[in-house]
Amino acid sequence: MKFFLDTGNIEEIRRVNRLGLVDGVTTNPTLIAKEKRPFKEVIQEICREVSGPVSAEVVGLTTEEMLKEAREIATWAPNIVVKIPMTEAGLEAVNILSKEGIKTNVTLIFSAAQGLMACKAGATYISPFVGRIDDIGEEGMQLVRDLKAIKDNYGFKTEIIVASVRSIAHVQQAAVIGADIATIPGSLFPSLWKHPLTDVGIARFLEDWKKVPQ
Ligand code: E4P
């Protein structure tokens with residue numbers, strides 16, 4: 001499973017990139033707003049740091065607005081993926097952009113039907129939002145299972161990005177299901193390599209090492 005970082009923060013990206021664990025980056029308008037810097041500047045800096053795909057989202061709601069923004073964003077770097085919301089206008093834009101060779105990530109997917117339509121429209125990636133589904137009392141990971149089955153049934157090339165990830169359990173379950181990618185918040189990522197028993201184990205070894213004649 002590939003690891004994407006779900007952040008607009010370059011320091012969070014550099015920290016994990018030093019470990020060789022960043023396969024790509026996703027952003028959204030909320031994450032970009034936190035950086036308090038121009039959208040294009042943030043995205044281009046990330047694209048220089050990371051060689052894998054970097055998703056940058058359009059904010060227009062009509063097909064024409066989305067196409068105009070997407071064609072502009074796609075010129076910012078060779079590894080750009082344009083994030084398009086899961087709407088009728090968005091599907092039309094994805095259909096056109098896929099024929100122009102512009103990679104797309106269809107975002108805000110909350111049902112298997114939406115995912116299936118995005119695959120058929122030509123999306124490069126689809127992003128089911130597991131955490132936000134959990135928030136309304138349903139099981140977000142069930143949607144990932146369903147989308148994986150649909151992808152396998154019909155041989156879609158579209159990659160599934162498990163998004164709105166909130167916990168280590170989400171990442172582990174995504175890998176068990178066989179999702180292509182999990183996009184993980186920069187603040188959550190370090191907890192993936194930590195375990196309290198590892199820290200206890202190191203402390204005990206160091207304590208015992210003092211008893212070894214030097
Ligand atoms: C990723 O593509 C999404 O923008 C992101 O995972 C949304 O996460 P949230 O539900 O925590 O805002």
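In this text the structure is predicted, and so the values were computed from the model without any measurement.

## Considering the environment of I150
Structurally, I150 is set in helix α8 (residues 140-154). The class for I150 is buried, based on a relative accessible area of 16%. Taking C-alpha positions, I150 is 26 Å from N28, a pair spaced 122 residues apart along the chain.

## Focus: the site of the ligand
Close contacts around the ligand come from D6, T26, N28, K83, F129, R132, A163, S164 and R166, and that covers them all. Separating an oxygen atom of the ligand from a side-chain N or O atom of K83 is a distance of 2.6 Å. One of the side-chain nitrogen or oxygen atoms of S164 is found 2.7 Å away from an oxygen atom of the ligand. The fraction of the free accessible surface of the ligand (340 Å²) that becomes covered by protein chains is 85%.

## Quick notes on a negative patch on the surface
Together, E64, E65, E88 and E92 give the surface a local cluster of negative charge. Mapped by element, the contributors of at least two residues to the negative patch are α4 (63-73) and α5 (88-99). Residue position: E92 is located in helix α5.

Cut-offs applied
Residues numbered from 1 in each chain as written. Predicted model: local features only at pLDDT ≥ 70, side-chain atom pairs only at ≥ 80, totals over all residues. Heavy atoms only, no water. Helix = DSSP H or I, 4+ residues; strand = E, 2+ residues; numbered from the N terminus. Buried < 20%, exposed > 50% of the residue type's maximum accessible area, 1.4 Å probe, protein only. Near = heavy atom within 4 Å. Polar contact = N/O pair within 3.5 Å; in protein donor to acceptor, adjacent residues only side chain to side chain. Areas by Shrake-Rupley, 256 points an atom, 1.4 Å probe, with all protein chains shown as cover. Patch = residues over 30% accessible without salt bridge, like charges linked within 9 Å, V, L, I, M, F, W, Y side chains within 5 Å. Salt bridge = Lys/Arg side-chain N within 4 Å of Asp/Glu carboxyl O. Lys, Arg positive; Asp, Glu negative; His and termini not counted. Charge placed at Lys NZ, Arg CZ, Asp CG, Glu CD.

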